[in-house]
Amino acid sequence: MSGPRDPRLVARRRLLGAGLVPLGFAVPPVAAQSGPRTPTPSQTRGPFYPPDPPRDAGEDLVLERDGKRARGELLRLAGRVVDTSGRPLPGTRVELWQCNADGRYHHPRDDNPAPIDPLFLAYGRSTSGADGGWRFRTVRPVPYPGRTPHLHLLLTAPDGRSLTTQLYVRGEPGNARDGLLSRLAPDARERLMADFVRVADGGWQAAFEVVLPG
Ligand SMILES: [Fe+2]
């Protein structure tokens, strides 16, 4: 089944075109620190990067309709992108993709029988500001067969530098059994972890700094 014609993806586009306006949201910025950094480890892009990423993708992956919203626990993710000297990298395109709250990617090649969530966009795009800050509102990642919870990220700076990586939940029990995570050295693994903190509305908040190589 070719990506752009996949009826599930087409249905999602219709939903977007039906006047569904994602909620506004606020995310506190990641605290800026100076000083040299070690580049964030890269990780495989995996098989589920969208075959045809929507041009109008934004920072909010969670839709609401008729009092319902995307399944799962809300996650507000605040990011920052810097170079190895700690300088912010404004104008960096940040792409996020992940499975939905049932562990299913909205991708034609994901054969997980879990359902598609028509209110979850599963892919978003942000652009870093002058302070290197970027943000998303999404749902907390869940495990799916063979993987511990994670978010996929692809960052592309204006000068063409890019990094594909994955973000993990610190303290998640499945981390120790995850094949992709276990092949990293402990210090590299640590640099892909984010603390997930409960917030007043019952959702989660996390912060993540990405250091682009060279
Ligand atoms: Fe994945």
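For the structure itself, look to the data block above.
Residues numbered from 1 in each chain as written. Predicted model: local features only at pLDDT ≥ 70, side-chain atom pairs only at ≥ 80, totals over all residues.

(A) Quick peek at the overall build of the protein. Helix and strand counts for the protein stand at three helices and 11 strands. Mapped in sequence order, the helices and strands of the protein form the string α-β-β-β-β-β-β-β-β-α-α-β-β-β. When each of the 214 residues of the protein is scored for burial, the buried share is 34%. Counting contacts in the protein only where the partners sit at least 6 residues apart, residues at least 24 apart contribute 77% of the total. (Helix = DSSP H or I, 4+ residues; strand = E, 2+ residues; numbered from the N terminus. Buried ≥ 20, exposed ≤ 12 C-beta atoms within 10 Å, placed from the backbone. Contact = placed C-beta atoms within 7 Å.)

(B) Structural context of the sheet that holds strand 6 (residues 133–139). The strand order across the open sheet formed by four strands is 6-3-11-10, and the pairing between neighbours is mixed. In this open sheet, the two strands that pair with only one neighbour each are strand 6 and strand 10 (196–198). For this sheet, the mean angle separating the axes of adjacent strands, direction not counted, is 20°. Both strand 10 and strand 11 (residues 204–211) contribute to a ladder of three bridges, which runs antiparallel. Opposite Phe 196, over in strand 11, you have Ala 206 as the bridge partner. (Pairing = 2+ DSSP bridges. Axes fitted to C-alpha atoms, helices over the stretch in contact; angles between N-to-C directions.)

(C) Just the sheet that holds strand 7 (residues 150–156), in detail. Spatial strand order, 5-4-7-8-9: five strands in an open sheet with mixed pairing. Looking at the sheet topology across the chains shown, the edges are occupied by strand 5 (123–127) and strand 9 (193–194). Strand direction decides the pairing type here: strand 7 and strand 8 (residues 162–169), joined by seven bridges, are antiparallel. For His 150, the partnering residue across the bridge sits in strand 8 and is Tyr 168.

(D) Summary view of unusual backbone geometry. A positive phi is found at Asp 66, a non-glycine position, where the angle reads about 50°. Position of Asp 66 relative to the elements: it lies in the loop between strand 1 (64–65) and strand 2 (68–69). With 6 C-beta atoms packed within 10 Å, Asp 66 lands in the exposed category. Although it is not a glycine, Ala 122 sits at a positive phi angle of roughly 70°.

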